[in-house]
Amino acid sequence: MVSGNLFHCRKHSWPPEEYVGRATLQLLDFDSAAPPEQAWRRRLNSHANILKEFSVTFMEAIKMVRLGIRLWSYVREEASHGRKAPIDPFTRISCKPSASQGVPLGGMGSGSISRGFRGEFRQWQIVPGTCEPSPVMANQFSMHCHVLQHDIYGKDWLLNILCSIWLYIFISRDGGNKHYASVLAPGQHEGLGKAGDQGIDSWGWNLSGQHSTYHALFPRAWTIYDGEPDPELKISCRQISPFIPHNYRDSSLPTAVFVYTNSIGGISHLSGDHVNEPFLTARGNPPVTFAVAACETQNVNVTVLPCFGLSEGSCVTAKGMWGTMVQDGQFDRENFKSGPSMPSSPGEALCAAVSASAWVEPHGKCTVAFALAWSSPKVKFLKGSSYHRRYTKFYGTSEGAAQDLVHDALMSMYLWFGCVLYSNEPNIAFRNLDADYKRWEEDIEKWQNPILRDDRLPEWYKFTLFNELYFLVAGGTVWIDSRLPAPDKRNHRNGEKTDVKGTEAEVNLSDGALVKHTTTSDYYSEDESVVNHEGSNSYSQHHPITLLNEENDSDDGGRFLYLEGVEYVMWCTYDVHFYASFALLELFPKIELNIQRDFAKAVLSEDGRKVKFLAEGNTGIRKLRGAVPHDLGTHDPWNEMNAYNIHDTSQWKDLNPKFVLQVYRDFAATGDMSFGVDVWPAVRAAMEYMEQFDRDGDCLIENDGFPDQTYDTWTVHGVSAYCGCLWLAALQAAAAMALQLGDKPFAEYCKGKFLKAKSVFEEKLWNGSYFNYDSGSSSNSKSIQTDQLAGQWYTASSGLPSLFDEAQIKSTLQKIFDFNVMKVKGGRMGAVNGMHPNGKVDETCMQSREIWTGVTYGVAATMILAGMEKEAFTTAEGIFTAGWSEEGYGYWFQTPEAWTMDGHFRSLIYMRPLSIWGMQWALSMPKTVLQAPEINIMDRISISPSAAAISHEFGVRKITNKAKCFGAAVFHCSC
């Protein structure tokens, strides 16, 4: 679906030759050591500027003062219970955000560690919902390269690489009149404080970074040291994480590999292992273990330092360790015989190191791989529910799994030596395994190369597409393998009895077949129970919950959570997932389908507990049956949904249509009939729920004069372009799905409503060139909203007929491009959410004047689907220019939800920018979507005279009461 006019798009092309000398590239041109042609690049001496956060205007502050007071009170109340509020604008982090991020480490759902482009490890997210952004300088994995030149002619070289629980590299070369000793990272970091003469400040931080460059193509990154600190030494560090589409095993592993290649030796495989003593994290969170390893061969000498400290009172100090390496190039081999070391005191930094040395020939090449892994098998949420992470299905539930993870990532029938610190004793083992990271790289290249080699696509788009996936690792994810537990029908929190009945659903498929299945949905989540990877716990005598359908698939992909953002701590925020879900559908479709199953279950559930909504100060119930929840919760996901409490989201007008649209898109894309059968009762319930918002009986929903959609500070009156278009698209999608599932009466009903609603929508909002913001009479009712065709985006992405005439769609998109895109700094910022027809930015509220990164990608995808590729890539390029380019604001690998006209951010590391994969979806839709019926699917639905009465005679309430209904411990079935 890419036309030839993409050749005319302006490109941001950063060939590696502009950053790395050609001679160096040739020297490193083996074993994937050289950086790829397409990558995001930075010099290590680039300034990591402090990022500027947005601020509200005086008038906006006045409007939100009551909300601010209530929110402040709520934040304090949650803090008194030891919990963090899901939205807390009052607590500031100690480390100011800076333009220093890089590719994160590890797979999905097992905790993550990010690595800055200059080498520091930061953004630690091991505990769900908790992020430590500061570089933890004393708790990092480091490599040290020690090179000795025995004479001035360079006939013999000794290569030594040291790996400690530190993420920096040290090199020393001694020979003739030359002597170099330096950590291979620039010396100026905000996290590098004065630890005293005995600490890491005593090391040689001599690298300038002027000739060293970072190259990022998620999930890999390359750091090239082109002749510094030693001008004769060329080093490549390649970072690899197991993020592999459609691989539901390796992509869950908490491990990463660092492959160091230089130009002075033959291939050597080093071995040694350090695993930290398991320790409890703050506030009783589950233990975490770290491990680092490499391999040994007959010409490689491995030594270890089981323990050193950063303070003067340590038995071996960081300064002493550095001195040993500079002088001897290795540690004492007798350390392998050392017994367990003393455990560290609370707050004490305890480090360890592995060193490997090898003699190499002059002008040779040497490759050494190290692996880092961490193991926190149990994930525990603050309100008590605990689960085992998905990787424990393959590595068990012991914290010591980190040791096996690093071994398997590296080893290929090599003898392994090391020091295992979780028992604090040296270890020797022999394993016959293939090196996983080699296979990972093959799979990653097979996935990425078709896009990277597509000459029709702009260079900036290719690597930004992959790099935006950082969020699925660093954005905060939890991935478990088990289904949720289903014990004894009691809510142990309050002793309240909760009875939920097993239910049946019947769906007549279009070919006449009848699908019938019964499910039991007794649900319970015990505060201290843990679900293991086999789905059993202390209540194993009860049947496990089924997500609407019990499948016999040996691996259904597991249960997956990801945060809206590190500042908005809510799991699977659904109005935002609407934009981000294209990435999961494209790369991990089993995960995407299971998220939809979770929300389908939630639609048929109800939680009657009272909640105070902070915007208006009114009280309502947490979750209404038929309403799609805003999120799956914060402190007890799956059990306590709707952590968002600014507005009553049961009154939002976008959530239910977005559910129907996502379900149909996924159904059409995968062709998974069992999925369609599973979620159909929830689709009908969601559609019927929306009928209450048709106030005047014209088949079109109306907004209620408050921000009742994803733009939750932007008020809407009457019919709105955004929600109205979503509703039209949902009616068409529901009709199409009903037809394919054999529910012809409901298909007729939805088509009838669609035809009436479309006529009203166009009559009230179409002004000849675009759709007005809403049908009200406010000062911004005629504003041009970037997101006004969100329903058309999904319609086209699902292979359904267009909602409007082609001329209307192109006219609207051209208006958005000319005004919302090009009138904002010449198109170099993205698309502003609202623009008056006179060319002035709509400043009605904070969000109308913001540029939303994910919405910009989304409208660019809509443009591609409408055949406007040039405008699409120019629109999306504004996000790259402002966020990722060298002249931009520094938001790489932390793309925010929004920035203002002056580039100030709101909510870093946010879910919505994953919508760039909506662009890729538009460029290469699957055959199941492209091979749409020759006859318009809506034309295949004939409307009978009785169709208008279906809602009352055979309506959703009656059908869904018969269909599958699910209640959790806090949910009450309304059947």
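The rules behind these values
- Residues numbered from 1 in each chain as written.
- Predicted model: local features only at pLDDT ≥ 70, side-chain atom pairs only at ≥ 80, totals over all residues.
- Heavy atoms only, no water.
- Core = buried A, V, L, I, M, F, W, Y, C linked by side-chain atoms within 4.5 Å.
- Buried < 20%, exposed > 50% of the residue type's maximum accessible area, 1.4 Å probe, protein only.
- Helix = DSSP H or I, 4+ residues; strand = E, 2+ residues; numbered from the N terminus.
- Contact = heavy atoms within 4.5 Å.
- Pairing = 2+ DSSP bridges.
- Salt bridge = Lys/Arg side-chain N within 4 Å of Asp/Glu carboxyl O.
- Axes fitted to C-alpha atoms, helices over the stretch in contact; angles between N-to-C directions.
- Parallel < 35°, antiparallel > 145°, perpendicular 65-115°, else oblique.
- Left-handed = near helix turned anticlockwise from the far one by under 90°.
- Nonpolar A, V, L, I, M, F, W, Y, C, P; charged D, E, K, R; others polar.

Enquirer: What is the right way to look at the nonpolar core in this model?
Expert: One broad rule of soluble globular proteins: the nonpolar side chains tend to lie buried together. Among the nonpolar cores identified, the biggest contains 250 residues, and Phe 243, Leu 469, Tyr 562, Phe 659, Trp 917 and Met 919 are the most heavily contacted of them. With 17 residues, helix H14 (residues 721-740) is the single largest residue contributor to this core. For Leu 469, the residues in contact, after removing those within four places along its chain, are Phe 218, Phe 243, Trp 447, Ala 583, Leu 587, Leu 914 and Trp 917. One finds Trp 205, Leu 305, Ala 318 and Ala 353 within the second-largest nonpolar core, a separate group that totals 15 residues.

Enquirer: Sorry if this is basic, but what is going on with the sheet that holds strand S35 (residues 898-899) here?
Expert: Pairing is antiparallel across the open sheet formed by three strands, whose spatial order is S34-S35-S36. Strands at the two margins of the open sheet, each flanked by one partner only, are strand S34 (851-852) and strand S36 (905-906). In terms of strand pairing, S35 meets S36 through two bridges, oriented antiparallel. Its bridge partner being in S36, Trp 899 is matched across the sheet by Phe 905.

Enquirer: Please explain the pattern of salt bridges as it appears in this structure.
Expert: A side chain of one charge can pair with a side chain of the opposite charge when the charged atoms of the two come close. Tallied over the entire structure, the rule returns 34 salt bridges. Here Lys 393 ties to Asp 481 by a salt bridge, and the two come within 3.8 Å at their closest N and O atoms. Taken together, the residues Lys 393 in helix H5 (residues 392-395) and Asp 481 in the loop between strand S21 (477-480) and strand S22 (490-491) connect sequence positions 88 residues apart. Accessibility expressed as a relative area gives 27% for Lys 393, which makes it partly exposed. By relative accessible area, which is 12% here, Asp 481 ends up buried. Note that Asp 704 and Arg 695 form a salt bridge whose closest N and O atoms lie 2.5 Å from each other. For Asp 704, a relative accessible area of 30% corresponds to the partly exposed category. Taking the relative accessible area as the measure of exposure, Arg 695 reaches 48% and is therefore partly exposed. Through salt bridges that share partners, Lys 383, Asp 607, Arg 609, Arg 622 and Glu 640 make up one connected network.

Enquirer: Would you take a moment to explain the packing of helix H10 (residues 574-587) against helix H16 (residues 790-797) for this structure?
Expert: A pair of packed helices is captured by two measures, namely the crossing angle of their axes and the spacing between those axes. Axis separation between H10 and H16 bottoms out at 12 Å; the angle between their running directions is 25 degrees. With respect to each other, H10 and H16 are oriented roughly parallel. Once H10 is placed against H16, the crossing between them reads as left-handed. On the side of H10, the interface is formed by Phe 578, Tyr 579, Ser 581 and Phe 582, while H16 contributes Ala 790, Trp 793, Tyr 794 and Ser 797. The residue inventory of the contact of H10 with H16, partitioned by class, reads six nonpolar, two polar and no charged.

Fair warning: the whole summary comes from geometry, so function is off the table for now.
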